[in-house]
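Tertiary structure, described
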Amino acid sequence: MNFARRFLAIQGESRHKLRFLERVNKRTRNLLMIKVAGLTKTYAGVSAIQGLDFTVTKGEIVGFLGPNGAGKSTTMRILSCFMPATSGTASVAGFDVATQSREVRSRVGYMPENVALYPEMRVQEYLEYRAALKGVRGRRNRQRVNAVKELCSLRDVETKLIGALSKGYRQRVGIADALVNDPDLLILDEPTIGLDPNQIRQVRQLIRDLGKRHTILLSTHILSEVEMICSRVLIINRGRIAASDTAENLVGRVRTAGGVTAEIRAEADELQGALVALTGVRRADVVPMDDGWMECTLRTDAEHDPREEVARLAAARGWPLRALGREQVSLERVFAAITQAEEM
Amino acid sequence: MNFFTLLRREIRAYFLSPVAWVVLFFFLLMTGFNFYAGVAALNRGPSEVTVVEAFFNTIFFWFGFILVIPLITMRLFSEEYKMGTIESLMTAPVRDSHVVFAKYGGALFFFIVLWLPSLLYFMVFSRVTKLAAAGASGPFLGAYSMLLLIGMFYLSIGCLASALTRNQIIAAIMSFSMITLLFFMGLLTFFILNITATLREMTSYFSALEHMGEASRGIFDSRPLVFYLSLTAIFLFLTFHVFQSRRWRN
Ligand SMILES: Nc1ncnc2c1ncn2[C@@H]1O[C@H](COP(=O)(O)OP(=O)(O)OP(=O)(O)O)[C@@H](O)[C@H]1O
Ligand SMILES: [Mg+2]
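Overview of the structure. (Residues numbered from 1 in each chain as written. Chains lettered and ligands numbered in written order. Predicted model: local features only at pLDDT ≥ 70, side-chain atom pairs only at ≥ 80, totals over all residues. Heavy atoms only, no water.)

A closer look at the overall build of chain B
Stated formally: Strands are runs of DSSP state E lasting at least two residues, helices are runs of H or I lasting at least four, and both sets are numbered from the N terminus onward. Atoms considered for the radius of gyration are the C-alpha atoms alone. The globule rule reads 2.2 Å times the number of residues to the power 0.38. A 1.4 Å probe rolled over the protein chains alone gives each residue an accessible area, and that area as a share of the maximum for its type sets the label: buried under 20%, exposed over 50%, partly exposed in between. In this description, contact between two residues means that some pair of their heavy atoms is separated by no more than 4.5 Å. In short, Shrake-Rupley with a 1.4 Å probe defines the accessible areas, and a residue's cover is counted only from the protein chains shown. We treat Lys and Arg as the positive residues and Asp and Glu as the negative residues; His and chain ends play no part in the count. Each charge is placed at NZ for Lys, CZ for Arg, CG for Asp and CD for Glu.
Each helix and strand in chain B was counted, giving 13 helices and zero strands. For chain B, the α and β elements follow one another from N to C terminus as α-α-α-α-α-α-α-α-α-α-α-α-α. Taking 18 Å as the expected radius of gyration for a compact globule of 250 residues, we find that chain B reaches 19 Å, a close match to that expectation. Overall, chain B is about 60 × 45 × 30 Å in size when its C-alpha atoms are taken along their principal axes. A buried classification covers 50% of the 250 residues belonging to chain B. Taking as baseline every contact in chain B between residues at least 6 positions apart, the subset at least 24 positions apart corresponds to 79%. Of the roughly 12200 Å² of accessible surface on chain B, a fraction of 73% belongs to carbon and sulfur atoms. For chain B, the separation between the mean place of its 17 positive charges and that of its 11 negative charges on side chains is 9 Å.

Right under this line is the structure:
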């Protein structure tokens, strides 16, 4: 900006233009909720994340995926200012996590992986305390605490000691805590772990609702959850970003290079030879089934769909064909493809 | 202000924890016995010490005093590190210095509460015997101010020890050793036979025993005041730095 100002001064441009530039600058900055550049963290010689780069724009619900030990929690801990990065920068809502940590912390609702609470406090008391700590005081404190108790179904346990709560309820208190100051950005590290199926559904719905007004970064190992609620998926593997796209696009990417399955009754070798000869088929696996039918799996090029040819082939040779379909690709497959390919 | 929110939680944490009540109970037993022993000694015959002096200068008094400090401070930081609550605490928009001061303040508050009942002993004593407990308010005030000063210093040592480790037992052992060492350094005069005058001067400068002895006779000296306040500040400063740098080591 300084440069722009000097440049404009030299050019003799009007103040008006300068202000316009500043406004544009502010707007683009405001659109970005998280900006991470070259983020690296090394724990006592062990590298957890290496040169992470990504951005999250306002209003996104981003699912942060990766195998165990990939560095999800590490990244989230840096973003929530719990610990500093070894190198690289990260900013939240335009504030740097290292140098403007309190500005960042007052805008982030963070739910750690292991929700640790004070066992001697009561739920109500704890939430009031946390709200006050985050600068929510007076009447608003009461309002917010009531609101999050409602959202996280904590009404029945509000007078209970936290030490006496079950794991799922403690998890809910953790979510309520993250929400209590109505933060711009929610960072949730495996929020649904330990919840019962009804609660999981409720929390997902909650996250989806919250996503209308907040930006959310959540990590999880439940891939169907990501497909249901996230507008974008960020896959991290061994400390590096391996993929960043919408769930559909990721699935699509694998599907195009994906496969076709068919069940045909024929002699195995002959069938195999005929299938491989089809255009676009790179590999054909023929496995006998219990009832004498053959299960065929075809790997194809991205641009070919050999289903029609398979049907015609079967008809021409007089082979009975009882099933023909495209492989259903789930995010699970994508995840496996992305995170395991790199290991080999 | 965040500081008061934090302080309130620290104080409540003491009174909600069973350990604190056990400490309080045994501490009362100890000081009660100490008081009784003091009065019994005075009962045996004429003596030149007052009951205040007798109370604040016995082995029971010092034993209880030194033992209770690590018990009060060991949980301050270590418990939060161990339980993991430090993560939610430090990701809230709080200042590091507020956290340190609130924890220290909570410990100091509990320390003061521990000694409040002993005031009652003296009140009852003067009611029953119709004697002013100390003969004058000087020794009384002196003894309690010195108690507070030494307590503030020792608590700051405990605070530092707790900030250093996630293990409460280690924190307690560290602060206990440090405090005992300091205390016994002040007793050097009793151990070294042919002590020189300068060495005696020096030891008396940091001898808690002597400070308390003088204060409970009603003698005011500004040197211990400066000594304890500055050391407390130094140890709190160290605590603050240790606490901050722990994040970098994580
Ligand atoms: N406090 C620590 N000290 C040393 N190494 C650590 C520490 N915390 C994490 N690590 C290491 O950093 C790497 C990344 O860990 P991280 O907790 O970020 O993984 P994650 O993606 O959250 O995994 P999970 O899915 O199991 O939660 C791992 O190799 C882990 O062993
Ligand atoms: Mg994790």
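Here the narrative resumes.
Quick look at the coordination of the magnesium ion (ligand 2)
Residue and element names in this part refer to chain A. Put simply, the rule is: Think of the donor list as every N, O and S atom within 2.8 Å of the metal, or within 3.2 Å for Na, K and Ca; water never makes the list, so a site can look incomplete.
Protein coordination of the magnesium ion (ligand 2) is provided by Ser73 (OG) and Glu113 (OE), with donor distances spanning 1.9 to 2.3 Å. Residue Ser73 is located in helix H3 (residues 72-79), and its partner Glu113 is located in the loop between strand E6 (108-111) and helix H5 (123-133); the two are separated by 40 residues in the primary sequence. With relative accessibility at 34%, the residue Glu113 sits in the partly exposed group.

Quick notes on H3 of chain A
The element H3 of chain A is extensively covered by neighbouring structure, given that seven of its eight residues are classed as buried. Taken from the residues just after H3 of chain A, Cys81 of chain A is the one with a positive phi, measuring 65 degrees.

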